[in-house]
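# Chain and residue survey
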Amino acid sequence: MDTHAALYEQGLARIASLRKLAPRKSKTLQQVMEDHGITRRDFMKWSASISAMLALPLPFSTLVAEAAEVADRVPLLWIQLAECTGCSESLLRASTPDVSTLIFDYVSLEYQETLMAAAGWQAEENLENAMRDNHGKYLLAFEGAVPTANNGAFLTVGCKGHTGLEIAKKAAEGAAAIISVGTCAAFGGVQAAAPNPTGAQGIHTIVDRPVINLGGCPPSEVNIVGTLMYFIMFGKLPALDMFNRPKWAYGARVHDNCERRGHFDAGEFVEEFGDQAAKDGYCLYKVGCKGPYTYNNCPTERFNAHTSWPVLAGHGCIGCSEPDFWDTMRDFEKPLGQQILHGLDADADTVGAVILGVTAVGIGAHAIGSIFAGKHEDK
Ligand code: FSX
Ligand code: SF4
Ligand code: F3S
């Protein structure tokens, strides 16, 4: 395992080598920030927050800032398969572009269907050129599941009749690293929900190499940008959990950092949406919150420039960053009770029993914590 000192050295060397490459953007990052009224102080604050989010000590914030400045040297290809574009929107729809949005813009985005002007033949040619010209060097992001049934025929893209399956495999061949952005690309998502007629799967099942999975439907913009920054800074994958999700983002349960957790521990629950307990911000477990089963940093990082997240908005977590959540986490507005969850049905029984037995709630909270912490082991 890298010590922080060794990691810092690697980062410095990587940034120095990127600085030698020709810039791919006409403006420097500093000019882009100035155009959007973002001060150097705002930028350094952002660098410090990304560094903290990546679980790196404060001195790494200068490295994050330097990596951001050379982000335009790293070509990024972003391929959309069976999806709803919510993952792109998560990043792009901030009402005021913040630093993360601008960084995404500043990375050398060679291909992205939602954003690019090209269409039809020209778009396909752009993708082919981008893959050829940057072979072996590009960062490849997928959004959406890949339908595999009938040899991929359920998703054909563009004028030449290529399937998503063919496009994904070809693009993966020349990639320096692959990121699955969102639960669909990571684990199949809604497309793979039972009975999954199109044979939709996560990208990692069709490529013969490690893929970073960013669970979330959609993932937050900070988890997307943090992952890009990690790769730009160090040129390698971060530490990953058992589902290949970066530990810095998916290392803790939603329940562990939830602002309603005190109410869970005190046995204070919303019984139905709209009741007084809901108005008082009580725990949403009994109306279906799956925060105790879900690993993501939503409570700490939030969405939309850190403004809110599902539980703060008043609905329970539906477990959207977990594999197969459409099947395993329903009903979304009821506790799991006896349903099977990743083989944890015995533990789910325990949760149900604890919640029904009001006097046991205080003890149960800790029991649930240790049960799930124990099951969720690192690779
Ligand atoms: Fe899936 Fe992304 Fe959910 Fe949608 O495209 S992760 S359906 S938010 O947007 O792929
Ligand atoms: Fe928060 Fe949900 Fe846990 Fe309640 S069950 S504390 S609402 S994460
Ligand atoms: Fe998804 Fe739950 Fe976060 S539903 S967005 S993992 S709070």
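Further up the page is the structure itself.
Here is a short report on the structure shown in this document. It should be emphasised that the depicted structure is a prediction, and the values quoted were computed from it without experimental measurement.

Time to look at the site of ligand 1. As a structural note, the neighbourhood of ligand 1 is formed by 13 residues, with C84, C87, E143, C184 and C217 the closest of them. Contacts to ligand 1 include G86, whose backbone N or O atom sits 2.7 Å from an oxygen atom. Here an oxygen atom of ligand 1 and a backbone polar atom of C87 are 2.9 Å apart. For the shell around ligand 1, the secondary structure elements donating two or more residues are α5 (86-92) and α9 (183-187). Tallied by class, the residues present in the shell around ligand 1 amount to five nonpolar, six polar and two charged.

Another point: the pattern of salt bridges. For the structure shown, the criterion picks out 15 salt bridges. D133 serves as the salt-bridge partner of R132, at 3.2 Å between the closest nitrogen and oxygen. Among the residues examined, R132 registers a relative accessible area of 55% and is labelled exposed. Accessibility expressed as a relative area gives 49% for D133, which makes it partly exposed. The partner of D256 in a salt bridge is R261, and the shortest N-O contact between them spans 4.0 Å.

A separate point is helix α7 (residues 120-133). The α-helix winds at 3.6 residues per turn, so residues separated by three or four positions along the chain end up facing the same way. Between its first and last C-alpha atoms α7 spans 20 Å; for 14 residues at 1.5 Å apiece the expected length is 20 Å, and the two agree. The set of residues buried in α7 consists of A123, E124, L127, A130 and M131. Buried residues in α7, looked at end-on, bunch into an arc of 125 degrees, giving them a common side. Away from its buried face, by an angle of more than 90 degrees, α7 presents the exposed residues W121 and R132. Those residues of α7 that are buried lie in contact with β1 (75-80), β2 (108-112), β3 (138-143), β5 (156-157), β6 (162-163) and α8 (164-173).

Criteria and cut-off values
- Residues numbered from 1 in each chain as written.
- Chains lettered and ligands numbered in written order.
- Predicted model: local features only at pLDDT ≥ 70, side-chain atom pairs only at ≥ 80, totals over all residues.
- Heavy atoms only, no water.
- Near = heavy atom within 4 Å.
- Polar contact = N/O pair within 3.5 Å; in protein donor to acceptor, adjacent residues only side chain to side chain.
- Helix = DSSP H or I, 4+ residues; strand = E, 2+ residues; numbered from the N terminus.
- Nonpolar A, V, L, I, M, F, W, Y, C, P; charged D, E, K, R; others polar.
- Salt bridge = Lys/Arg side-chain N within 4 Å of Asp/Glu carboxyl O.
- Buried < 20%, exposed > 50% of the residue type's maximum accessible area, 1.4 Å probe, protein only.
- Expected span 1.5 Å × (residues − 1).
- Arc of directions from axis to C-beta.
- Contact = heavy atoms within 4.5 Å.

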